[in-house]
Amino acid sequence: MSAADTTTPAKVPPPRQAPPPAVPKAPRRRGTSGGGAVPWALLAPCLLILALVMGYPLVRLVTLSFQKFGQSQLWGFQPAESVGFDNFGKVLGDSEFWAVVVRTIVFAVGSVVFTMVIGMLIALLLQRVSGWVKTLINIALVASWGMPIIVATTVFKWLFDSDYGVFNALLSKLPGVDMIGHNWFASGPQGLAVIMLLVVWGAVPFVVITLSAGLTQVPSELEEAARLDGAGAWGVFRYVTLPILKPIVVMLTTLSVIWDMGVFPQVFVMRGGHPEAEFQLLTTYSYDRAFVVNDYAQGSAIALLTVLLLLGVVAVYMRQMLQIGEVE
């Protein structure tokens, strides 16, 4: 056998395959020139309604706040005179106005804190009860939420009545407590506490329903992992549940501040249409100046200052929401 027969033939590398021809990309369609106008066209009906419903009253409010406008101007005996910032100077220089501002802020903060705390506790409780109990509680919440404000105020006025009030009778059954004949509206702090309770009672259902919907989006796996790591109930709520609910909590808190600073019928009806000085909030104080004292210009100035104060709350809300969006 020759050496050529025992030699292993060399392997020839396979020929390189040519790359497949590039498929030409379809040219992108440029957006039509009217694409940016479509959202505005869809928003146009809503913006038109807002302009008709809120535009004219707001413009009229701003105009009156810079004029001298009383009963003589209302009936046309004298023309309205422009006074510049005199109305704002009188309002801001009045110590009674600042007392009302402080009272309104305290009232709103107290109402919001109790509303959010009670609402959160009830929402967490609804996650741990059986189905039929949850249904009954939701029915009760919707029924209380749907009750007209005037009806709810009348019911609370009867509950805390000094002669026939059920609340005084129940408290008097406690050992050493005698509340028969106690007038809750003899002083401003006690009367406002009753009104605050009424406001909280009417606001809790919305908070509970909204937070209950948010709690359904909290992953149970994260809560279980936190428990396995040794976190208690408070730790799971603080580090898992609350961060996920933060956008909803911020939204509810902001809305509650706006609503509670605009409380009017509860105070007005509870005090029989004539709130005393100790019960005056910004809304009732503006109404009192405009329609009791017949100084519509100062009433408008107080209302405009209230709007500016609420715009500050909205600005804080928008900043918080933008920060949450950047984190996510």
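Here is what the cut-offs are and how they apply
Residues numbered from 1 in each chain as written. Predicted model: local features only at pLDDT ≥ 70, side-chain atom pairs only at ≥ 80, totals over all residues. Heavy atoms only, no water. Helix = DSSP H or I, 4+ residues; strand = E, 2+ residues; numbered from the N terminus. Expected span 1.5 Å × (residues − 1). Polar contact = N/O pair within 3.5 Å; in protein donor to acceptor, adjacent residues only side chain to side chain. Salt bridge = Lys/Arg side-chain N within 4 Å of Asp/Glu carboxyl O. Buried < 20%, exposed > 50% of the residue type's maximum accessible area, 1.4 Å probe, protein only. Core = buried A, V, L, I, M, F, W, Y, C linked by side-chain atoms within 4.5 Å. Contact = heavy atoms within 4.5 Å.

Attention now goes to unusual backbone geometry. Positive phi is not limited to glycine here, since Asn294 has a value of about 65°. Looking at where Asn294 falls in the secondary structure, it is placed in the loop between α13 (282-292) and α14 (296-327).

Turning to helix α5 (residues 95-126), a few remarks are in order. An ideal rise of 1.5 Å per residue puts 46 Å on 32 residues; α5 measures up with 46 Å between its terminal C-alpha atoms. Two or three places before Glu96, at the opening of α5, Asp94 has a side-chain oxygen 3.1 Å from that residue's backbone nitrogen.

What follows deals with the pattern of salt bridges. A side chain of one charge can pair with a side chain of the opposite charge when the charged atoms of the two come close. Scanning the model with the defined rule gives 5 salt bridges in all. Here Glu224 makes a salt bridge to Arg227, at a shortest N to O gap of 3.7 Å. Here Glu224 and its partner Arg227 are both found in helix α10 (residues 220-228), 3 residues apart, which amounts to about one turn of the helix. For Glu224, a relative accessible area of 41% puts it in the partly exposed group. For Arg227, a relative accessible area of 41% gives the class partly exposed.

Here we come to the nonpolar core. Judged by nonpolar contacts, the single largest core of 29 residues is most densely connected at Phe97, Leu211 and Leu282. Looking at this core, the elements that each hand over two or more residues are α4 (86-92), α5, α9 (188-215), α11 (233-261), α13 and α14. The greatest single-element share of this core, amounting to 8 residues, is contributed by α5. Leaving out residues up to four positions away in the same chain, Leu282 has contacts with Phe97, Val100, Val101, Thr104, Met261, Ile302, Thr306 and Leu309. Grouped together as the second largest cluster of nonpolar side chains are 23 residues, Leu126, Met179, Ile195 and Leu198 included.

So yeah, pure geometry; function would need other evidence.
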